[in-house]
Amino acid sequence: MPEERRSDSYPLRRRDVVKRILPANNDLLVIAGLGSTAWDITSAGDRDLNFPMWGAMGGAIPMGLGLALAQPKRRVVVITGDGETLMGMGCFATVSMQGPRNLSICTFDNERYGETGMQSTHTSANTDLAGVAAACGIPIVGVVRTEEELNAALPIILEAPGPVYHVIKVRAEKLDFVLPPKDGVHLKNRFRRALLGKDAVL
Amino acid sequence: MDWWKQILSAFKDADVRQVAYVPDAGHTSLIEACIADNDIRAVALTTEEEGVAVLAGAWLGGVRGALLMQSSGVGNCINMFTLAATCRFPLPLFVTMRGQWQEFNPWQKPMGQSANSYLTTAGVQTRTAESPEDVGPMTTATLDRAFADSEMSALLLHQRLVPVKTFDK
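About the thresholds
Starting afresh in each chain, residues are numbered from 1 along the sequence in its written order. Ligands are numbered from 1 and chains lettered from A, in the order in which they are written. Reporting of local features is limited, given that this is a predicted model, to residues whose pLDDT is at least 70; pairs of side-chain atoms are given and counted only at 80 or more, and all residues count toward the totals for whole chains, interfaces and linings. Here a strand is any run of E in DSSP of at least two residues, a helix any run of H or I of at least four, and the numbering for each starts at the N terminus. Values of the radius of gyration come from C-alpha atoms, whereas the globule rule sets the reference at 2.2 Å times the count of residues to the power 0.38. Counting other C-beta atoms within 10 Å of a residue's C-beta gives its exposure: the residue is buried at 20 or more, exposed at 12 or fewer, and partly exposed in between, where C-beta atoms are placed from the backbone. By the criterion used throughout, residues are in contact when their C-beta atoms, derived from the backbone, lie within 7 Å. Only Asp, Glu, Lys and Arg are considered charged, only Ala, Val, Leu, Ile, Met, Phe, Trp, Tyr, Cys and Pro nonpolar, and every remaining residue, Gly among them, polar. Helix span, as expected, comes to 1.5 Å for every residue beyond the first. Note on bend: at a given residue it equals the angle between the axes fitted to the 7 residues ending there and to the 7 starting there. Here, any two strands with at least 2 DSSP bridges between them count as paired. Helix axes use the C-alpha atoms of the stretch in contact, all axes being lines fitted to C-alpha atoms, and the angles between their N-to-C directions lie in the range 0 to 180 degrees. Orientation is classified from the angle alone, with under 35 degrees giving roughly parallel, over 145 giving roughly antiparallel, 65 to 115 giving roughly perpendicular, and any other angle giving oblique. Crossing handedness follows the turn of the near helix against the far one: under a right angle anticlockwise gives a left-handed crossing, and clockwise gives a right-handed one. Remark: nonpolar core denotes a set of buried Ala, Val, Leu, Ile, Met, Phe, Trp, Tyr and Cys residues whose joining runs through C-beta atoms within 7 Å.

What follows concerns the overall build of chain A. Secondary structure assignment for chain A yields eight helices and eight strands. In summary, chain A has a C-alpha radius of gyration of 16 Å against a globular reference of 17 Å for 202 residues, a match within 12%. Referenced to the eigenvectors of the C-alpha coordinate spread, the extents of chain A come out at roughly 55 × 35 × 30 Å. Residues classed as buried in chain A amount to 47% of the 202 residues present. Put simply, 73% of the contacts in chain A that link residues at least 6 apart link residues at least 24 apart.

As structure tokens, this is what we get:
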């Protein structure tokens, strides 16, 4: 058996957390990074205004930035993992420079690469993603470890003028796959049709 | 008209409203003009691959964008191009070339020599403007192919168009 690691016993469970951020009938524009967080948002209910990624690691946050700048009146939520965040940390500087008030980013941080065999990520050692974001100039940054902290953070995640970033420390656990559609053209077109109307897809 | 003004004019005609970039000397005037333009959001990137994702997000939100870089940036984008390729996001690229003409810095040569073939292998349609009068019509063609056909479409701007960098030698 592999050695016990600290995130094996973190109290927050990712599938519970995602349902709090994405309750039924929300009107959020949601981007999820590849792997576990794409399955997480789908477990909360697949919907046209979800864009779950199946690849392009490191792209979730900049994709959320482009969307937030394009749709300044809509709340954009990016939910991604610690491995995906680590691959593109420069984007915190890019987000900070643009300062979109409608962008909220959450990293579900289980300190593992979940899709590749649960190897430890750098956040299992000394890397502090919230510190990175704060140092890049993201104005509102938080770390969530408990149910109480999640309750306090939810209004900020969903409503505070941003950009907002939260690291949500979640238990390392192998869960069932809840797969969204994987046809990228379909995912793109359904999102645009739902957001912009049927004429947006020709 | 200066070639960079032709690019800006074509951006305006095509309703491009997000321009993402990693600076290059050859793109200096265009970047400054985009920053100054009230209808264009100029997005400074830390690495070019961010721009591929930024423009995909913009398109999801109904906004057209373009990505500016120099040839060395092409290599930084390769895996992120799969986002545009798989989902068929329009992706117009404007690449100022190094390493192909009066290049002082040999470290620029590998990407300068290979950018076109890397782009082609990644599925990007490419065309090259070698003289200033080509730039306007080729910019329009690049934007048209990207937005009308949901393609990755690149215009390579030959190093003869940009100032020679001599490092004061």
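Taken together, the contact between chain A and chain B spans 30 residues of the former and 28 residues of the latter. Those elements that place two or more of their residues in the side of chain A that touches chain B are helix 3 (60-70), helix 5 (91-98) and helix 8 (184-196) of chain A. Its residues assigned to classes, the side of chain A that touches chain B comprises 17 nonpolar, 11 polar and two charged.

Residue and element names in this part refer to chain B. The first and last C-alpha atoms of helix 6 (residues 109-121) sit 19 Å apart over 13 residues, in line with the 18 Å expected at 1.5 Å per residue. The sharpest bend along helix 6 reaches about 50° and sits at A115. On its buried face, helix 6 is in contact with helix 4 (71-76), strand 4 (91-96), strand 5 (125-129) and strand 6 (152-157).

So, on to the sheet that holds strand 1 (residues 16-21) of chain B. Strand-to-strand pairing in sheets goes through backbone hydrogen bonds, with the strands running parallel or antiparallel. Residues and elements named next belong to chain B. The six strands lie next to each other as 2-1-3-4-6-5, forming an open sheet whose pairing is parallel. Bordering the open sheet on either side are strand 2 (41-44) and strand 5, each of which pairs with just one other strand. Strand-to-strand twist of the sheet, defined as the mean angle between neighbouring strand axes without regard to direction, takes the value 20°. Examined bridge by bridge, strand 4 and strand 6 share six bridges and lie parallel to one another. Counterpart to L93 in the pairing with strand 6 is A154.

In this section: the sheet that holds strand 3 (residues 76-81) of chain A. Residues and elements named next belong to chain A. As summarised here, the arrangement of the six strands in space is 2-1-3-4-8-7, forming an open sheet in which the pairing is parallel. Each edge of the open sheet carries a strand with a single partner, namely strand 2 (50-52) and strand 7 (140-144). Geometrically, the sheet is characterised by an average inter-axis angle of 15° between neighbouring strands, direction not taken into account. The pairing of strand 1 (residues 29-32) with strand 3 spans four bridges and is parallel. Bridge pairing links A32 to I79 in strand 3.

Residues and elements named next belong to chain B. Those residues of helix 1 (residues 3-13) not exposed but buried are W3, W4, Q6, I7, L8, A10 and F11. The secondary structure elements touched by the buried residues of helix 1 are strand 1, helix 2 (28-36), strand 3 (64-70), strand 4 and helix 7 (132-149). Positive backbone phi, at 65°, marks D15, one or two positions downstream of helix 1.

Time to look at the environment of A33(B). Structurally, A33(B) is set in helix 2. Along the chain, A33(B) and A141(B) lie 108 residues apart, while their C-alpha atoms are 21 Å from each other.

Residue and element names in this part refer to chain B. With their axes 8 Å apart at the nearest point, helix 1 and helix 7 run at an angle of 25° to one another. One way to sum up the angle between helix 1 and helix 7 is to call them roughly parallel. Judged by the twist between their axes, the crossing of helix 1 over helix 7 is right-handed. Seen from helix 1, the contacting residues are W3, Q6, I7, S9 and A10; seen from helix 7, they are P132, V135, G136, T139, T140 and L143. Its residues assigned to classes, the contact of helix 1 with helix 7 shows six nonpolar, five polar and no charged.

What follows covers the nonpolar core. The biggest cluster of nonpolar side chains holds 107 residues, and the ones touching the most others in it are I79(A), V52(B), L55(B), A56(B) and V95(B). Ignoring any residue separated from it by four or fewer positions in sequence, one finds A56(B) in contact with M63(A), G66(A), L83(B), A84(B), C87(B) and F89(B).

What follows concerns the environment of A135(A). Residues and elements named next belong to chain A. Within the element layout of this structure, A135 appears in helix 6 (residues 129-135). Using a count of 13 C-beta atoms within 10 Å as the deciding quantity, one classes A135 as partly exposed. Distance from A135 to F92, taken between C-alpha atoms, is 9.0 Å for residues 43 residues apart in sequence.

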